[in-house]
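# Coordinates in review
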Amino acid sequence: MDHKNFILSKRSKIGLKGLACCLVMTIGAVIGDLGAETVGTGPNLKRLTLEQLMEIEVTTVYGASKFLQKVTEAPSSVTVVTAEEIKKFGYRTLAEVLRSIRGVFVTNDRNYSYLGVRGFGRPGDYNSRILLLIDGHRINDNIYDSLLIGSEFILDIDLIDRLEFIRGPGSSLYGSNAFFAAIHIITRKGDGIKGLEASGEAGSLETYKGRLTYGDQFLNGLEMILSGSYSDSRGNDRLYFKEFDDPSTNNGIAQNVDDDRSYRFFTTWSFNEFTLQGALNDRKKVLPTGSYGTDFNNPGNHTIDGRAYLDLKYQHLFPEGWDFTARVFYDYYRYKAEYFYDGVINKDSSLGEWWGLESRVTRTLVKKHKVTFGVEYVDNIRQNQRNYDEDPSTIYLDDKRNSQNWAFYLQDEFSILPNLILNAGLRYDYFETFGGTTNPRLALIYSPLEKTTFKLLYGTAFRAPNIYELYYQDQGLTAKSNPNLKPETIRTYELVFEQYLGKHLRGHSAFYYYTIDNLINQTIDPSDGLLVFRNTGKTEALGMELELAGRWATGLESKISYTLQEAKNKETGETLTNSPRHLAKFNLNIPLFKEKLFLGPELQYTSRRKTLAGNAVDDVFTMNITLLARNLSRGLEISGTIYNLFDSSYGDPGSAEHRSDSITQDGRAFRIKLTYRF
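Residues numbered from 1 in each chain as written. Predicted model: local features only at pLDDT ≥ 70, side-chain atom pairs only at ≥ 80, totals over all residues. Heavy atoms only, no water.

Glancing now at the overall build of the protein chain. From N to C terminus, the protein chain includes eight helices and 40 strands. Dimensions of the protein chain, computed from the C-alpha atoms along their principal axes, are close to 70 × 65 × 50 Å. Buried positions account for 58% of the 678 residues belonging to the protein chain. Sequence separation of 24 or more characterises 63% of the internal contacts of the protein chain that already satisfy a separation of 6 or more. As presented, the protein chain carries roughly 27,700 Å² of accessible surface, and 58% of it is formed by carbon and sulfur atoms. (Helix = DSSP H or I, 4+ residues; strand = E, 2+ residues; numbered from the N terminus. Buried < 20%, exposed > 50% of the residue type's maximum accessible area, 1.4 Å probe, protein only. Contact = heavy atoms within 4.5 Å. Areas by Shrake-Rupley, 256 points an atom, 1.4 Å probe, with all protein chains shown as cover.)

Here we take up the packing of aromatic side chains. Evaluated as defined, the whole model comprises 30 aromatic pairs. On the numbers, 5.7 Å between centres and 55° between planes, the contact of Tyr292 with Tyr339 is tilted. On the criterion of sequence distance, the pair formed by Tyr292 in the loop between β16 (274–286) and β17 (302–317) and Tyr339 in strand β18 (residues 323–341) is long-range, its members being 47 residues apart. An aromatic cluster is present here, built from Tyr112, Tyr114, Tyr126, Tyr144, Tyr333, Tyr335, Tyr468, Tyr472 and Phe533 joined pairwise through their rings. Here the basic side chain of Arg386 rests over the ring of Tyr388, its NZ or CZ set 4.6 Å away from the ring centre. When the ring centre of Tyr471 is taken as origin, the NZ or CZ atom of Arg401, which lies over that ring, is 3.4 Å away. (Phe/Tyr/Trp six-rings, centres within 6.5 Å; stacked < 30°, edge-to-face > 60°. Lys NZ or Arg CZ within 6 Å of the ring centre and 35° of its normal.)

With that settled, the discussion passes to the sheet that holds strand β8 (residues 160–167). Spatial ordering of the open sheet is given by β3-β8-β9-β6-β7, a layout of five strands whose pairing is mixed. Strands at the two margins of the open sheet, each flanked by one partner only, are β3 (78–82) and β7 (137–138). In this sheet, β7 lies alongside strand β6 (residues 130–134) in antiparallel orientation, the contact comprising two bridges. Each residue of the ladder has a partner; that of Ile134, found in β7, is His137. (Pairing = 2+ DSSP bridges.)

Tallying each qualifying case throughout the model produces 55 salt bridges. With a closest N to O distance of 2.5 Å, Arg334 and Asp282 form a salt bridge. Here Arg334 is found in strand β18, whereas its partner Asp282 is found in strand β16, with 52 residues between them in sequence. On the accessibility criterion, Asp282 (15% relative accessible area) is buried. Across the pair Arg401 and Asp399 runs a salt bridge whose closest N-O atoms are separated by 2.8 Å. Here Arg401 falls in the partly exposed class, since its relative accessible area comes to 29%. (Salt bridge = Lys/Arg side-chain N within 4 Å of Asp/Glu carboxyl O.)

Moving on to unusual backbone geometry. Negative phi characterises most residues that are not glycine, and trans characterises most peptide bonds. Cis peptide bonds are those with omega within 30 degrees of zero, and the linkage from Asp391 to Pro392 qualifies with 5°. As for its placement among the helices and strands, Pro392 is situated in the loop between β20 (369–389) and β21 (394–399). The phi dihedral of Lys194 falls on the positive side, at around 55°, and the residue is not glycine. Here Lys194 lies in the loop between α7 (190–193) and β10 (195–203).

So, about the pairing of strand β22 (residues 403–417). Within a regular strand, side chains alternate between the sheet's two faces. The pairing of β20 with β22 spans twelve bridges and is antiparallel. Across the sheet, Asp379 pairs through a bridge with Gln404, a residue of β22. Pairing geometry for β22 and strand β23 (residues 420–431), over twelve bridges, is antiparallel. Each residue of the ladder has a partner; that of Phe414, found in β23, is Leu422. What sits between β22 and β23 in their antiparallel hairpin is a turn of two residues.

Our next topic: the side chain of Thr372. Within the secondary structure, Thr372 is located in strand β20. For Thr372, a relative accessible area of 0% corresponds to the buried category. Separated by 3.1 Å, the side chains of Thr372 and Thr362 make a polar contact. In contact with Thr372, other than residues within four places in its own chain, are Phe67, Arg360, Val361, Thr362, Tyr409, Leu410 and Gln411. (Polar contact = N/O pair within 3.5 Å; in protein donor to acceptor, adjacent residues only side chain to side chain.)

With 47 residues, the main nonpolar core has Leu94, Leu98, Leu163, Ile183 and Ile185 as its most contacted residues. Of all the secondary-structure elements, those providing two or more residues to this core are α5 (94–99), β4 (104–108), β5 (113–117), β6, β8, β9 (181–187) and β27 (505–517). At four residues, the largest contribution of residues to this core is made by α5. Excluding residues that lie within four positions of it along the chain, Leu163 makes contacts with Thr79, Val80, Val81, Leu94, Val97, Leu98, Ile101, Ile183, His184 and Ile185. Counting residues in each nonpolar core, the second largest holds 28 residues, with Tyr292, Leu397, Tyr471 and Leu531 among its members. (Core = buried A, V, L, I, M, F, W, Y, C linked by side-chain atoms within 4.5 Å.)

The next point concerns the side chain of Thr539. Locating Thr539 in the fold gives a position in strand β30 (residues 539–551). Exposure remark for Thr539: the relative accessible area of 2% places this residue in the buried category.

The subject of this paragraph is the environment of Gly235. Looking at the element boundaries, Gly235 is found in the loop between β12 (223–233) and β13 (238–240). Gly235 sits in the buried class, given a relative accessible area of 4%. Between the alpha carbons of Gly235 and Glu206 there is a distance of 7.0 Å; along the sequence they are 29 residues apart.

Time to look at the pairing of β5. β5 sits mainly inside the fold: five of its five residues count as buried. Both faces of β5 are covered, namely the face carrying Ser113, Leu115 and Val117 and the face carrying Tyr114 and Gly116. Here β4 pairs with β5 via five bridges, running antiparallel. Counted as the bridge partner of Asn108 is Ser113 from β5. Here β4 folds back onto β5, and the loop between the two strands holds four residues, one of which, Arg110, carries a positive phi near 65°.

The next subject is the confidence of the model for the protein chain. Taken as a whole, the protein chain shows an average pLDDT of 89; of its residues, 91% reach a score of 70 or greater. Note that pLDDT drops below 50 for residues 1–58; the model gives that stretch 104 contacts with residues more than four away or on any other chain. (pLDDT = per-residue confidence, 0-100.)

Before going further, it helps to spend a moment on the environment of Glu540. Tracing the backbone shows Glu540 in strand β30. It is 9.3 Å that separates the C-alpha atoms of Glu540 and Ile490, two residues lying 50 residues apart in sequence. For Glu540, the contacting residues outside a window of four places in its chain are Tyr513, Tyr514, Thr515, Glu566, Ala567, Lys568 and Lys570. Within the structure, the side chain of Glu540 is placed 2.8 Å from the side chain of Tyr513, a separation counted as a polar contact.

What follows is the structure, encoded as structure tokens:
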């Protein structure tokens, strides 16, 4: 049976007709409003100078050095994605935002999304080699070090003001997990919302979402934002997995077992120099893949992820020029899963709780040195894992732990000449589980001409083995522990060249080489068939990233990028699994009428990738297209997006817990979204 027919359900076909009608209605409404006065939401591009045009919204980055600086002076290769881009290209999840960035690819196993950077995207690693911060607060949890970027992400992406993607090792500032990159998200502020904002959306696969947000700044200086959202999706009603094509497993058809339901809450209160921020979410996902050898096509197989945090920050600029920041925080993570084995319910769970302190000062000394010193402390008060059968009752794992880690770091941005900067940083981390580690970063940044910049970058980073990798086992059911794991380390060399071209174009190129020692990798032990994490030797990669971005006074914007990369096992010479050699991306935003109607086509290409079984998934070309209309009437914004317009059929490599070598991905889909500001 042709599995492509399963991907495109009848609901999706009906929905496409609805989408076409809505888009036509939207265009008609705009045409009918041609005579109305434009209510501007951004700067009038025609009145801006060239420099202003090229520097709108992306002139600075915070996360590269923990202070605000020009992107061209940052000790990293940086990409910034703005809230405007998220709207104009119809991104629904953080994973879709990140997929649009040069050199990044995303793998999905129909439960979680996994981020691949610079040719490295190991299946089943839960994104533990990428660090994510929301307004400076660390999001990776203390059980799996995971970074959840799909519908399970803690923040509604409508609340993102901008996202900074900072490539390269960042352990000299951030410690563990800043291995390949750090992602810093800056949220919207109450002053920018100025009232109540409501949003509703509907799409294929019976997907619905609603959000209510209130934000404002009051006369006494208090600024606040409150936001809550809920989403529900039935998912694909029929998915085909050839590995289960047997009458005993419904001929390989997973039917009505792809549901996805989540909710989120977020708030920030700022008064004078204090900021209190909190967030929580919960996501339940039904699993269609029969992972971990569970009963195939059983709707009871599901996972629940819950995450919450509370962060109190104090920031003060002293008259002598000392910029002082301190924060105290509490974090919570919960994971629950139910798996069915021959009808017996197996329950798998983890609970993480931790609190911590962070403090840092930044000051410019003798006009040429901008020095930052910081200390951090984290107390992991719960790192619990549990696995058991409900009936008959059998406990396989009941592991309860706690640990502490602390660190201090020093960074100096030394302006040797007006056009020559040396950025040097060093950080020491101590973990109870394995001891201490020191990681440096050096960056020489040279701008021989006003619009030309060279960066020569070197750095090391580490990732500590997490509690899951060290101690998870279920007494021979599917996995076993390995308490002897060592930290993995990376050493990176990079050359970056940035050049403004003519009046409207900006070029970026990066050439990098890295080596990884003691890579922590999930494998299957051939002696017993159990999953186990092991340090598996050395890995190396060589790559090149090219990008050309343009922006014109008419409002037209475009970006095209190409990535060539090769990541392989240094000892065997074999290419890594799930590592595409070529990535290509192109997006274009066309203002069809004034600042009211925008068309945003986006194309992405990913070359073939090797699977765990030694096969390969085919290369794939996808195209999305978004029509965004705003100011049809005061406060109203409407968008419609068709995803995977040409209905490309493709799969992503599966992980070790999957019987399927390739996990089927969604075909063509759509979404209609309405936002109204009162």
